Each structure stands twice: as structure tokens, then as C-alpha cells.
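Reading the structure
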Amino acid sequence: EPEVTQTPSHQVTQMGQEVILRCVPISNHLYFYWYRQILGQKVEFLVSFYNNEISEKSEIFDDQFSVERPDGSNFTLKIRSTKLEDSAMYFCASGTTGTSGKTRYFGPGTRLTVT
Amino acid sequence: RKEVEQDPGPFNVPEGATVAFNCTYSNSASQSFFWYRQDCRKEPKLLMSVYSSGNEDGRFTAQLNRASQYISLLIRDSKLSDSATYLCVVNLSGYNKLIFGAGTRLAVHP
């Protein structure tokens, strides 16, 4: 069964550093997402991406965040200058349709630790 | 008011028990409804969609009451492997994002 993959599984970085989290969505999917989950809290939507542009973003997704699909397979989340509160699990997801949640598949996540 | 509210639990039940989880959502524009399962430090995985007519998948039954903005999940004959956090999730009409509840933790013991 095809799956979403994410690298690295765990990233440790110092406050103020830039990080790039990588995802390979399922190959025939057109919609891509990033969600995050701070330890002990709920999963929160960050951004959705379709047709090479952001289609929706949350208040969390401020100027420190950016997304890119640099080639036909990867989807990346960049945090420009990390803060302690960016420590969380970041999940990439992909889907075949936009507004139907049942077609959304999540990757295993990248645990980001900012020290 | 939280967009999606769930009882955090934990629900500690013996194997074979029937357990029910409830969830309420605040936005009447919510269009699609789901139960996801999340194991510790893992990604959310879709358990089942929830339809107004109610739907069943093996030991799992989901119900939706749009008038009361209430969703439920019933698990019959609990197994040890059902131990996880169950996430109530909604999708607003016209929006391209899922809104998650904080989850209800279930622990099934022998």
C-alpha cells in the first residue's frame, strides 16, 4: 500500500536555526498538508498546498514558515528561525481531493526538538 | 468554545467490554466527520467516516446527530489492541483542512 514518508524522523536544532522538514507524498495525490502536534495537545492544521501554491493556512503558519514542492515528489516545510515553542511532531499528509477528509493520508511524522 | 470537544478520558476497560465515546462540534458548517485513531507518538490513522444514517465497521459503530452537533463512537468487544487515543475530526464545508479534537484515551486491560 502506498504511504507518505517523512524525513528525518527526529530533528534536534538550536533556537534561531533554520530547519527543513521533508515529505514524499503518495505519488498520484494532488493535495498536500502540514499539521503539527505539540506534546500532549491536539493535532493542528498548518497549511494546505495545491497546484503549486498555498490554498489555505492557519494563524500558526506565520512568516517564519514556508512550504515548497521543489520537484515532482518532495514537499517541504521550512521554519526560518526556530523558537522553543516550535518543538512538536510535524505530520505531512496528502490526498486525492481537497475537502474530503477520508482521502487524507498522514506520514509518520518528524519530531522537532528546539533547544 | 472549542471547535471540537471530547472527553479526554482515560477510559480503562476490561477486554470484551463495550465502550462509547462522545464528541461535540461547534461549527454548524461542518460537513464531514471522522474518527481517527492515534497510537502513542504515531500519526493519526482514519478509523471510519461518520454518516448521518449511522454506520458500522465490524465492532465499531459511529453515529452523527447534526441537530445536536454530536458524534459518537461505540466499540464492542474491546480488544487489547484497541488501546489508543481516539480523535474526533471534522471538515468544514468549503475548507481544505481537518479540525481535530484533543482525543479520548482508551486503555483496554486483560
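Residues numbered from 1 in each chain as written. Chains lettered and ligands numbered in written order. Predicted model: local features only at pLDDT ≥ 70, side-chain atom pairs only at ≥ 80, totals over all residues. Heavy atoms only, no water.

Some words on the interface of chain B and chain A
Just so we agree on the cut-off: By definition, residues are in contact when any of their heavy atoms lie within 4.5 Å. As a working definition, buried area equals the accessible area (1.4 Å probe) given up by two parts on being put together, with both sides summed. What makes a salt bridge here is a side-chain nitrogen of Lys or Arg within 4 Å of a carboxyl oxygen of Asp or Glu, nothing more. Pairs of N or O atoms within 3.5 Å make up the polar contacts considered here, provided that, within protein, one atom can donate a hydrogen while the other can accept it, and that residues adjacent in sequence are counted only when both atoms are side-chain atoms. Where helices and strands are cited, they refer to DSSP runs of H or I of at least four residues and of E of at least two residues respectively, numbered from the N terminus. Amino acid classes used here: Ala, Val, Leu, Ile, Met, Phe, Trp, Tyr, Cys and Pro are nonpolar; Asp, Glu, Lys and Arg are charged; the rest, including Gly, are polar.
Counting residues at the interface gives 21 residues for chain B and 23 residues for chain A. Of the roughly 1800 Å² buried where chain B meets chain A, counting both sides, 50% is carbon and sulfur surface. Ranking the residues of chain B by area buried against chain A places Arg41(B), Asn96(B) and Phe100(B) at the top, with a combined share of 35%. There are zero salt bridges connecting chain B and chain A. Linking chain B with chain A are five residue pairs in polar contact (both at pLDDT 80 or more), by the criterion used here. Going through the elements one at a time, β4 (30-38), β5 (45-50) and β10 (98-100) of chain B are the ones with two or more residues in the side of chain B that touches chain A. Per-element tally for the side of chain B that touches chain A: the top contributor is β4(B), with five residues. Within the side of chain B that touches chain A, the residues separate by chemical class into nine nonpolar, eight polar and four charged.

Focus on the sheet that holds strand β7 (residues 65-68) of chain A
Residues and elements named next belong to chain A. Put simply, the rule is: We treat two strands as partners when DSSP finds at least two bridges between them. A fitted line through C-alpha atoms represents every axis, and for helices the fit uses only the stretch in contact; the resulting angles, taken between N-to-C directions, go from 0 to 180 degrees.
Overall, antiparallel pairing links the four strands, which are arranged β1-β3-β8-β7 in an open sheet. Edge positions in the open sheet fall to β1 (5-7) and β7, since each of these has one partner strand only. Here the average twist between neighbouring strands, direction ignored, is 20°. Judged from the three bridges that link them, β1 and strand β3 (residues 19-24) form a sheet pairing that is antiparallel. Looking across to β3, one finds that Thr7 is bridged to Arg22.

Describing the state of the cysteines
Residues and elements named next belong to chain A. This is how it is decided: In plain terms, two cysteine sulfur atoms within 2.5 Å form what is called a disulfide here.
In total, this model carries two disulfides over all chains according to the counting rule given. Disulfide pairing places Cys23 opposite Cys92 at an S-S distance of 1.9 Å. The disulfide joining Cys23 to Cys92 has a torsion of about -65° about its S-S bond and is therefore left-handed. With Cys23 in strand β3 and Cys92 in strand β9 (residues 88-95), this residue pair connects regions lying 69 residues apart in the sequence.

A look at the sheet that holds strand β8 (residues 70-75) of chain B
Residue and element names in this part refer to chain B. A sheet is described by the order of its strands in space; here five strands give the open sequence β1-β3-β8-β7-β6, paired in antiparallel fashion. At either margin of the open sheet sits one strand with a lone partner, and together these are β1 (4-6) and β6 (55-57). For this sheet the average axis-to-axis angle between neighbouring strands, irrespective of direction, equals 20°. Two elements, β6 and strand β7 (residues 60-65), share three bridges in a ladder whose sense is antiparallel. By the bridge assignment for β7, Asn55 is matched with Ala62.

Section: the layout of surface pockets
Rules: Here a cavity is any set of points on a 1 Å grid over the protein atoms alone where a 1.4 Å probe fits but cannot get out, and a pocket is any open set with protein on both sides within 12 Å along at least 5 of 7 lines; a residue lines the site when it has an atom within 4 Å of a point. Grid points are joined across faces, edges and corners, and a volume is the space filled by probe spheres set on the points.
The space that makes up the largest pocket amounts to roughly 490 Å³. For the largest pocket, the lining is made up of 25 residues, of which Gln37(A), Gly40(A), Gln38(B), Cys40(B) and Arg41(B) are closest to its centre. For the lining of the largest pocket, the elements supplying multiple residues, two or more each, are β9 and β11 (110-114) of chain A together with β9 (84-92) and β11 (104-109) of chain B. For the lining of the largest pocket, the residue count by class is eleven nonpolar, nine polar and five charged. Each pocket or cavity is described by its volume, and for the second largest pocket that value is around 330 Å³. Around the second largest pocket, the lining is made up of 17 residues, and of these Glu1(A), Tyr105(A), Phe106(A), Glu43(B) and Lys45(B) lie nearest the centre. Secondary structure elements with two or more residues in the lining of the second largest pocket: β10 (104-106) of chain A together with β5 of chain B. Sort the elements by how many residues they give to the lining of the second largest pocket and β10(A) lands first, with three residues. Residues belonging to the lining of the second largest pocket are distributed by class as follows: nine nonpolar, two polar and six charged.

Topic: the pattern of salt bridges
Residues and elements named next belong to chain A. Keep this limit in mind: Throughout this description, buried means an accessible area under 20% of the type-specific maximum (1.4 Å probe, protein chains only), exposed means over 50%, and partly exposed covers the range between.
In total, this model carries five salt bridges over all chains according to the counting rule given. As a salt-bridge pair, Glu44 and Arg36 come within 3.2 Å of each other at their nearest N and O atoms. Arg36 gets classed as buried once you look at its relative accessible area, which sits at 10%.

Looking at the packing of aromatic side chains
All names here are of chain A. Applied cut-off: Stacked, tilted and edge-to-face are the three classes assigned to paired rings of Phe, Tyr and Trp, where Trp is represented by its six-membered ring and a pair needs centres within 6.5 Å; plane angles under 30 degrees give stacked, over 60 edge-to-face, the rest tilted.
A complete count under the given rule lists 17 aromatic pairs over all chains for this structure. Ring centres 4.3 Å apart and planes at 10° place the aromatic pair Tyr31 and Tyr50 in the stacked group. Separated by 19 residues along the polypeptide, Tyr31 in strand β4 (residues 31-37) and Tyr50 in strand β5 (residues 43-50) bring together distant segments of the chain.

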